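# Structure assessment
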Amino acid sequence: MTDAFSFHLLARDGEARRGEISTPRGTIRTPAFMPVGTGGTVKAMYLDQVRALGSDIILGNTYHLMLRPGAERVARLGGLHEFARWPYPILTDSGGFQVMSLSALRKITEKGVTFRSHVDGQVFDMSPERSIEIQGLLDSDIQMQLDECVALPADEKEIARAMELSLRWAERCKTAFGDQPGKAMFGIVQGGDDLKLRESSASALAAMDLKGYAVGGLAVGEPQEVMLEVLAATCPALPSDKPRYLMGVGTPDDILRSVERGVDMFDCVMPTRAGRHGLAFTRRGKINLKNARHAEDPRPLDEESDCPATRDYSRAYLHHLVKSGEALGGMLLTWNNLAYYQGLMADIRTAIEAGRFAERAGEIREEWVRGDM
Ligand SMILES: CNc1nc2cc3c(=O)[nH]c(N)nc3c(CCc3ccccc3)c2[nH]1
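Now for a look at the structure at hand. None of the values given here were measured: they were computed from a predicted structure. (Residues numbered from 1 in each chain as written. Predicted model: local features only at pLDDT ≥ 70, side-chain atom pairs only at ≥ 80, totals over all residues. Heavy atoms only, no water.)

## So, the site of the ligand
For clarity, the threshold we go by: Residues are labelled near a given molecule or strand when at least one of their non-hydrogen atoms is within 4 Å of it. Side-chain atoms alone can form a polar contact between residues adjacent in sequence; in general such a contact is a pair of N or O atoms within 3.5 Å, and within protein one must be able to donate a hydrogen while the other accepts it. Accessible areas in this description were obtained via Shrake-Rupley with a 1.4 Å probe; residue shielding takes into account the shown protein chains only. A run of DSSP states H or I qualifies as a helix once it reaches four residues; a run of E qualifies as a strand once it reaches two. Both are numbered from the N-terminal end.
What surrounds the ligand is a group of 19 residues, the closest being Asp-93, Asp-147, Gly-217, Leu-218 and Ala-219. For the ligand, a nitrogen atom lies 2.7 Å from a polar atom in the side chain of Asp-147. The side chain of Gln-190 places a nitrogen or oxygen atom 2.9 Å from an oxygen atom of the ligand. Compared with its free state, where it exposes 540 Å², the ligand has 89% of that area covered by protein. Considering every element that reaches the shell around the ligand, the biggest residue donor is strand E5 (residues 58-61), with three residues.

Here it is as structure tokens:
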């Protein structure tokens, strides 16, 4: 255990990196998938199951927690780790993205964002300083700067305005965060699909000498090739000795292609949300358990898995649970999906260590399309 926050590169394979982030609350093996635990819970899971699947870190959400139960209340109850009984690292978002996607009446000025809560209509002001204060009250280990993520398509002037505002907010967040050895504040690269703006955002953030860097403004509906182009232009402009976090990404294929371009950390609601909607990720591709073809299929999702949800329950039973809206359906499929995602990340980490990431990625993709026997 250590009292500092540090990133160590253990191996490289092309642009793909195998690393480790050491924090006082534990080590994060990268490339890492971070399950989304928005309100202090990973939906339909017990956190000790989440841990047992190999999750080194989960995400919390400033926007949701500040509205309910309130950041000061969580602090009075000992912080988010105590509140949710998760003693390992937590990363929290700054709230700006959620304001733009969830709240009504939102106004952005130099000072910050003003918004009306989607819970009870109460109006809130959130400045970069207040966002960092809230993340501190939550006792978050990795805190994100407040930023403005513009919805694409947008014109170049609008993208530039939001990118430059986000840089000024990064400076203010860095000042507000100050010097907290065991914690980190990450900057967020913006710039839409404009590669020049992306490069200037990344370079300006790199000059701030932050402990980590996120690539924001993506996974907002753009085609995969646009995301990949942005990554190819952005990652090289970021320091190679700091972690890179691609926000909101993604499908298994997105993750493989982003690791290939130098990304270390990922978050996505896909495995948990899809699980609650009857969708199972397997190494032979996706299976929609709502489909009637599973009604009498006695096979488990994957007999070779060591996850009980994947190995011990028939597709017929999962189909029945999903069709009848039983809570256990979402629980078992969420368990399966997180097991699949964490298994994929472990597979990726091993392949990079062995210098065979490209080959392994090809084998993984090939198995998806070979389809389900
Ligand atoms: C799904 N796609 C997606 N694209 C994103 C872009 C941004 C962005 O440009 N700026 C910020 N601050 N966050 C973003 C997020 C939210 C990620 C998150 C969710 C929950 C907890 C912790 C973190 C995004 N998510």
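Back to the text.
## Thoughts on the sheet that holds strand E1 (residues 6-13)
Sheet strands associate in pairs through backbone hydrogen bonding, adopting either a parallel or an antiparallel arrangement. Counted only if it meets this: Only strands that DSSP links by at least two bridges are regarded as paired with each other. Lines fitted to C-alpha atoms define the axes, with helix axes restricted to the stretch in contact, and inter-axis angles between N-to-C directions lie between 0 and 180 degrees.
Pairing is antiparallel across the open sheet formed by three strands, whose spatial order is E1-E2-E3. At either margin of the open sheet sits one strand with a lone partner, and together these are E1 and strand E3 (26-30). In this sheet, neighbouring strand axes are inclined to one another by 15° on average, regardless of whether the strands run parallel or antiparallel. With five bridges joining them, strand E2 (residues 16-23) and E3 adopt antiparallel strand pairing. Within E3, the residue paired with Glu-20 across the bridge is Arg-29.

## A word on a nonpolar patch on the surface
Quick reminder of the rule: Patches draw on residues past 30% relative accessible area with no salt bridge. Two like charges within 9 Å are joined, as are two nonpolar side chains (Val, Leu, Ile, Met, Phe, Trp, Tyr) within 5 Å. Take a side-chain nitrogen of Lys or Arg and a carboxyl oxygen of Asp or Glu: if they are within 4 Å of each other, that pair is a salt bridge. We call a residue buried when its accessible area falls under 20% of the maximum for its residue type, exposed when it is over 50%, and partly exposed in between, using a 1.4 Å probe and counting protein chains only.
On the surface, Tyr-317, Leu-328 and Met-331 cluster together into a nonpolar patch covering about 220 Å² of accessible area. Along the chain, the position of Leu-328 falls in helix H14 (residues 327-353). The partly exposed category is assigned to Leu-328, whose relative accessible area is 30%.

## Some remarks on the pattern of salt bridges
Per the counting criterion, the structure on display carries 29 salt bridges. One salt bridge in this structure joins Arg-25 and Asp-139, with 2.4 Å as the shortest N-O distance. One end of the pair, Arg-25, is in the loop between E2 and E3; the other, Asp-139, is in the loop between helix H6 (128-137) and strand E10 (142-144), and 114 residues separate them in sequence. When the shortest N-O distance is used, the salt bridge between Glu-367 and Arg-283 registers 2.6 Å. Pair noted here: Glu-367 is in helix H15 (residues 357-370) and Arg-283 is in the loop between strand E15 (279-282) and strand E16 (285-288), with a separation of 84 residues, a long-range link. In this structure, a network of salt bridges that share partners links the residues Arg-25, Asp-139, Asp-141 and Lys-183.

## Description of the pairing of strand E12 (residues 212-215)
Successive residues of a regular strand alternate their side chains across the two faces of the sheet. Put simply, the rule reads: Here is how to tell: hold the view so the strands point away, follow the path from the first strand over the helix to the second, and if it runs clockwise the crossover is right-handed.
Burial of the side chains of E12 extends over both faces: Gly-212 and Ala-214 are buried on one face and Tyr-213 and Val-215 on the other. The sheet contact formed by strand E11 (residues 184-189) and E12 spans four bridges and is parallel. Of the residues in E12, the one forming a bridge with Gly-187 is Tyr-213. Following the backbone out of E11, through helix H8 (residues 195-206) and into the adjacent parallel E12, one traces a crossover that is right-handed. Pairing between E12 and strand E13 (residues 244-246): three bridges, direction parallel. Bridged to Val-215 within E13 is Leu-246. One crossover worth recording links E12 to the parallel E13 by way of helix H9 (residues 224-234), and it is right-handed.

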